[in-house]
Amino acid sequence: MTQTDSEKRFPGRIAVMGGGSWATALAKLLLKKCDSILWYMRRDDRIEEFQRLGHNPAYLTDVTFDINRIEFSSDINEVATKADTLLLVMPSPYFKSHMEKLTADISDKHIVSAVKGIVPDENMLVTDWMMEKYHIRRNNVLVVSGPCHAEEVALDRPSYLTVGCEDMNNAQLFAGCLSGTRNCHAILSSDVDGIEYAGVMKNIYAIAAGIVHGMKRGDNFLAMLVSNAIREMEHFLDAVNPRPRQMCDSVYLGDLLVTSYSRFSRNHNFGSMIGNGYSVKAARMEMEQTAEGYYGAKCIHEINCDYEVNMPIAEAVYDILYRRVRPETALNRIADQLS
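Structure report, in brief. Quick caveat: nothing in here was measured; it's all calculated off a predicted structure.

## Looking at the sheet that holds strand β2 (residues 37–40)
Sheets are built from strands that pair by backbone hydrogen bonding, the pairs being arranged parallel or antiparallel. Strands sit in the order β3-β2-β1-β4-β5-β8-β9-β10 across an open sheet of eight strands; the sheet is mixed. Looking at strand neighbours, the two that pair on one side only are β3 (70–73) and β10 (184–189), the edges of this open sheet. The mean angle between the axes of side-by-side strands here comes to 20°, regardless of whether they run parallel or antiparallel. Sheet topology places strand β4 (residues 85–88) next to strand β5 (residues 110–113); four bridges connect them, and they run parallel. Counted as the bridge partner of Thr 85 is His 110 from β5. Its contacts with the sheet put helix α2 (residues 21–33) on β1 (14–17), β2, β3, β4, β9 (159–164) and β10, and the angle it makes with β2 is roughly 170°. Taken strand by strand, helix α6 (residues 126–134) contacts β4, β5 and β8 (141–145), and its axis lies near 160° from that of β8.

And the structure:
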């Protein structure tokens with residue numbers, strides 16, 4: 001079977017789709033290995049400021065760029081048409097509203113999702129939604145995940161990403177665009193669905209960890225909570241996508257740990273505010289960035305209505321966020337179930 005032009009040149013011209021901190025960190029990594037990139041940002045004023053200052057004016061402002069190597073545009077169709085590979089890095093709550101502006105034919109493109117969320121109102125993984133809506137072939141869909149905070153990538157601290165694709169050759173090729181430098185390493189996987197679901201669920205459990213921290217329940221309880229959380233995640237993944245996987249791998253356990261404990265974790269900090277007595281509404285208003293676990297908790301709860309996996313920690317977070325159950329009541333309810 002002959003390869004298409006897009007397959008021959010993969011990854012070709014890469015477009016970063018999104019303007020937040022994770023998009024900025026990944027763009028920095030790409031420009032260490034790529035001569036140039038395309039970059040879609042929604043707001044023209046942000047692009048103008050970026051070009052004037054040489055850095056993202058809103059996120060990771062200490063990270064400087066050679067703007068001559070970046071082709072910016074606020075026209076999603078223009079960027080998608082010019083690119084061979086689209087690296088999706090929008091926050092999941094806004095992903096669908098961005099992508100619904102995309103009318104260009106991208107069926108022959110490669111799609112890399114770094115969204116770590118579920119498509120709002122659809123309860124679908126980003127890769128599944130992209131395949132259904134834009135007729136992307138499964139072997140042309142990839143995911144990037146792992147225990148990497150954008151802030152630490154920006155500081156050039158050692159980082160380990162996992163690139164997932166059912167076509168391991170494609171995974172290896174894209175991994176080469178992100179790794180190979182002294183402080184960034186890439187691991188390959190074929191577990192696309194498992195990686196995506198884990199990226200959603202670790203945010204939910206990080207909110208739970210933050211609530212425990214805010215309520216000063218102590219490190220002993222927190223350790224039990226997180227160790228039980230990885231077990232819940234495994235049970236859920238086995239139900240929705242049964243296949244062999246090692247939950248101690250960094251893309252599952254490592255990402256859960258760093259999101260649950262790190263001071264850079266928005267979801268942990270969001271949960272900590274709730275544990276400290278903030279209402280859910282007040283905590284959301286206080287957050288400068290999106291705590292994606294807030295949205296993920298509802299999506300996973302609704303998806304699990306079909307599978308009925310026993311997940312008391314995830315359900316406790318849903319109860320606190322959406323049913324106005326007091327954090328103390330919810331934690332007390334699960335305390336005797338931890339083992």
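## Concerning the side chain of His 110
For His 110, the location among the structural elements is in strand β5. Within the structure, His 110 has its side chain in polar contact with the side chain of Asn 140 (distance 3.2 Å).

## Regarding the pattern of salt bridges
Scanning all chains against the criterion turns up 21 salt bridges. Measuring nitrogen to oxygen at the nearest pair gives 2.8 Å for the salt bridge that ties Lys 298 to Glu 302. Highlighted residues: Lys 298 and Glu 302, both in helix α14 (residues 292–307), separated by four residues, approximately one helical turn. Lys 298 sits in the partly exposed class, given a relative accessible area of 34%.

## Brief notes about the pairing of β5
Consecutive side chains of a regular strand alternate in pointing toward one face of the sheet and then the other. With burial as the criterion, each face of β5 is covered, one bearing His 110 and Val 112 and the other bearing Ile 111 and Ser 113. In this region the chain leaves β4, passes through helix α5 (residues 92–99) and returns to the parallel neighbour β5; the handedness of that crossover is right-handed. Pairing of β5 with β8 involves three bridges; the strand directions are parallel. Residue pairing across strands places Ile 111 opposite Val 141, the latter belonging to β8.

## Considerations on the pairing of β9
Among the six residues in β9, five count as buried, and that is most of the element. In the sheet, β8 pairs with β9 via three bridges, with the strands oriented antiparallel. Pairing of Ser 145 across the sheet is with Thr 162, part of β9. Of the strand pairs in this sheet, β9 and β10 are connected by six bridges, and their pairing is parallel. Residue Leu 161 lies in a different strand from β10, and its bridge partner there is Ala 186.

Parameters and conventions
- Residues numbered from 1 in each chain as written.
- Predicted model: local features only at pLDDT ≥ 70, side-chain atom pairs only at ≥ 80, totals over all residues.
- Heavy atoms only, no water.
- Pairing = 2+ DSSP bridges.
- Helix = DSSP H or I, 4+ residues; strand = E, 2+ residues; numbered from the N terminus.
- Axes fitted to C-alpha atoms, helices over the stretch in contact; angles between N-to-C directions.
- Contact = heavy atoms within 4.5 Å.
- Polar contact = N/O pair within 3.5 Å; in protein donor to acceptor, adjacent residues only side chain to side chain.
- Salt bridge = Lys/Arg side-chain N within 4 Å of Asp/Glu carboxyl O.
- Buried < 20%, exposed > 50% of the residue type's maximum accessible area, 1.4 Å probe, protein only.
- Right-handed = clockwise from strand over helix to strand, strands pointing away.

Geometry only, nothing functional implied.
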